[in-house]
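These are the residues of each chain, in order.
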Amino acid sequence: MMKGILDGCLLAIIKNKEVYGYELAEKLADYGFDNFSEGTIYPLLLRMQKEKFVTSTLKKSTAGPKRKYYSLTEKGEDELRDFLDRWDYLQTSVNNVLSHEAVKKELK
């Protein structure tokens, strides 16, 4: 389940601006996903690139070798919209169950 959620989060971050892998790891950590390293993120980015959700461009870095920057494709934007629809449905359903079950516990 986390894999699909992480994919959607990566697409959402990339949609806002072109980013490189380490920057994605930092942004995820800022949002509370501090258990994910670049080693987790790069295979996902590679798969998303093969699925044509993202493209990449090598650019000069001010410190060290060139960096691979990722940007969202039109297909990636469609995938992000689909993820947001699935997330909304899942979140609503889980919240419904939890709120209903919390009420049941209060009645006992």
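Attention here is on the structure that accompanies the text.

Now for the nonpolar core. Counting residues in each nonpolar core, the largest one holds 20 residues, and the members touching the most others are Leu10, Ile14, Leu24 and Met48. Elements that contribute at least two residues to this core include exactly helix 1 (2–16), helix 2 (21–30), helix 3 (38–50), strand 3 (67–72) and helix 4 (74–107). Per-element tally for this core: the top contributor is helix 1, with 5 residues. Apart from the residues within four sequence positions on either side, isoleucine 14 is in contact with Val19, Leu24, Leu45, Val54, Tyr70, Ser71 and Leu72.

In this section: the sheet that holds strand 1 (residues 19–20). Strands sit in the order 1-3-2 across an open sheet of 3 strands; the sheet is antiparallel. Looking at strand neighbours, the two that pair on one side only are strand 1 and strand 2 (54–59), the edges of this open sheet. Strand contacts of helix 1: strand 1, strand 2 and strand 3, with the helix running at about 95 degrees to strand 3, the strand carrying the most contacts.

The next thing to look at is the packing of aromatic side chains. Under the defined criterion, the tally for this structure stands at 2 aromatic pairs. Judged by centre distance (5.3 Å) and plane angle (70 degrees), the rings of tyrosine 20 and tyrosine 69 are edge-to-face. Here tyrosine 20 is found in strand 1, whereas its partner tyrosine 69 is found in strand 3, with 49 residues between them in sequence. Both residues of the pair, tyrosine 20 and tyrosine 69, count as buried. Ring centres of phenylalanine 83 and tryptophan 87 lie 6.4 Å apart, and the angle between their planes is 20 degrees; on these two criteria the pair is classed as stacked. Highlighted residues: phenylalanine 83 and tryptophan 87, both in helix 4, separated by 4 residues, approximately one helical turn. One cation-aromatic arrangement involves lysine 59 over tyrosine 69; the distance from NZ or CZ to the ring centre is 5.4 Å. Across the ring face of tyrosine 20, the terminal group of arginine 67 is positioned such that the distance to the ring centre comes to 4.2 Å.

This part takes up the pattern of salt bridges. Summed over all chains, the structure comprises 6 salt bridges. The salt bridge involving glutamate 51 is made with arginine 47; its shortest N-O contact spans 3.3 Å. Judged by its relative accessible area of 30%, glutamate 51 is partly exposed. Between arginine 86 and glutamate 79 there is a salt bridge, with its nearest N and O atoms 3.4 Å apart. Looking at arginine 86, the relative accessible area reads 45%, which means it is partly exposed. Salt bridges sharing partners connect three or more residues here, namely Asp7, Arg47 and Glu51.

Quick notes on the rules
Residues numbered from 1 in each chain as written. Predicted model: local features only at pLDDT ≥ 70, side-chain atom pairs only at ≥ 80, totals over all residues. Heavy atoms only, no water. Core = buried A, V, L, I, M, F, W, Y, C linked by side-chain atoms within 4.5 Å. Buried < 20%, exposed > 50% of the residue type's maximum accessible area, 1.4 Å probe, protein only. Helix = DSSP H or I, 4+ residues; strand = E, 2+ residues; numbered from the N terminus. Contact = heavy atoms within 4.5 Å. Pairing = 2+ DSSP bridges. Axes fitted to C-alpha atoms, helices over the stretch in contact; angles between N-to-C directions. Phe/Tyr/Trp six-rings, centres within 6.5 Å; stacked < 30°, edge-to-face > 60°. Lys NZ or Arg CZ within 6 Å of the ring centre and 35° of its normal. Salt bridge = Lys/Arg side-chain N within 4 Å of Asp/Glu carboxyl O.

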